[in-house]
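Single-letter residue listing:
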Amino acid sequence: MSHGHSHGGGCGHEALGIENELEIGIHYSLYEKIDMHNVECLNEELEGSGKTVFKPYNERLSHDKFVKSDADEELLFNIPFTGNVKLKGIIIIGADDETHPRKMRLFKNRPKMTFDDTSAAADQEFALERDANGVIEYSTKVVTFANVHHLSLHIPSNYGGDSTTVYYIGLKGEFSEAHHHGVTICTYEARPNVSDHKNNVFDSVNHQIQ
């Protein structure tokens, strides 16, 4: 198994405590930088429900919105960001029973992943404890996740349930705007193309008149 990949003795989490909820909420505001329209959750029972677990920290204990797996216990989230992220920590809240996720695997910058792709070695893996209150933070390897524009989060197993339930996924880190070189190039290329088409149209019209 590829479990030998866990760094730091496999204990990559810490209890947050109840200290300053407002401050923690500010740190866990990366959900605002997710390209929510293009988030995918594979094997979700209800279409579109996977997106709803990315919500404000102060709504983390709300059970109104959640995702439940369908065919088996696996879930795979494809999470594109609107810029570049330095990912520092993750909180994941499940139900306080056997449907709570037991393992989490992270893949950096691999858009449109499928379950077939998850056979590859993950960039980081975590053994998850049952956490119905969001008090455990799983710290990512910041060097590895320093320049993330797309995060895939794979939940391969739970605590023995037929399905997996997730209420909240919190992402902590720093955000920077993406460079818009692509837009500039597109605009630049569009102009000569338009004029080319115009000339072609005029040439063909003139030719027909003659």
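Note that the structure is a prediction, hence the values are computed from the model and not measured.

### Some details on the packing of aromatic side chains
So, step 1. One pass over the structure, following the stated rule, counts 4 aromatic pairs.
So, step 2. Where Phe126 meets Tyr138, the ring centres are 5.6 Å apart and the plane angle is 65 degrees; that geometry is what we call edge-to-face. Of the two residues, Phe126 sits in strand β6 (residues 124-127) while Tyr138 sits in strand β7 (residues 136-139), which places them 12 residues apart along the sequence.
So, step 3. Classification of Tyr138 as buried rests on a relative accessible area of 1%.

### Overview of the environment of Lys103
So, step 1. With respect to the helices and strands, the residue Lys103 is situated in strand β5 (residues 103-108).
So, step 2. Residue classification places Lys103 among the buried positions, given a relative accessible area of 18%.

### Things to note about the confidence of the model for the chain
So, step 1. On average, the chain scores 85 in pLDDT, and the residues at 70 or more come to 77%.
So, step 2. Counted against residues more than four places away or in other chains, residues 183-188, with its pLDDT under 50, gives 0 contacts.

### Side note on the pattern of salt bridges
So, step 1. Within the structure shown, the criterion is met by 7 salt bridges.
So, step 2. The partner of Glu174 in a salt bridge is Lys86, with the nearest N and O atoms 4.0 Å apart. Taken as a pair, Glu174 in strand β9 (residues 165-177) and Lys86 in strand β4 (residues 75-94) lie far apart in primary sequence, 88 residues in all.
So, step 3. Owing to a relative accessible area of 41%, Glu174 belongs among the partly exposed residues under this scheme.
So, step 4. On the accessibility criterion, Lys86 (30% relative accessible area) is partly exposed.
So, step 5. Taking the shortest distance from any N to any O, the salt bridge between Arg110 and Asp123 comes out at 3.7 Å. Highlighted residues: Arg110 in the loop between β5 and β6 and Asp123 in the loop between β5 and β6, separated in sequence by 13 residues.
So, step 6. Three or more residues are tied together by salt bridges with common partners; here these are Lys86, Lys88 and Glu174.

### Things to note about the pairing of β4
So, step 1. Taken across its 20 residues, β4 has 17 buried, putting it largely inside the fold.
So, step 2. As paired strands, strand β2 (residues 40-42) and β4 are joined by 3 bridges and run antiparallel to one another. Within the sheet, the bridge partner assigned to Glu40 lies in β4 and is Asn78.
So, step 3. Bridge analysis of β4 against β9 gives 11 bridges, and the strand direction is antiparallel. Within β9, the position partnered with Ile93 by the bridge is Tyr168.

### Let's talk about the environment of Lys33
So, step 1. Secondary-structure assignment places Lys33 in the loop between α1 (21-27) and β2.
So, step 2. Here the alpha-carbon distance between Lys33 and Gly83, two residues 50 residues apart in the chain, equals 7.3 Å.
So, step 3. Setting aside residues up to four positions removed in sequence, Lys33 forms contacts with Phe81, Thr82 and Phe175.

Rules behind the numbers
Residues numbered from 1 in each chain as written. Predicted model: local features only at pLDDT ≥ 70, side-chain atom pairs only at ≥ 80, totals over all residues. Heavy atoms only, no water. Phe/Tyr/Trp six-rings, centres within 6.5 Å; stacked < 30°, edge-to-face > 60°. Helix = DSSP H or I, 4+ residues; strand = E, 2+ residues; numbered from the N terminus. Buried < 20%, exposed > 50% of the residue type's maximum accessible area, 1.4 Å probe, protein only. pLDDT = per-residue confidence, 0-100. Contact = heavy atoms within 4.5 Å. Salt bridge = Lys/Arg side-chain N within 4 Å of Asp/Glu carboxyl O. Pairing = 2+ DSSP bridges.

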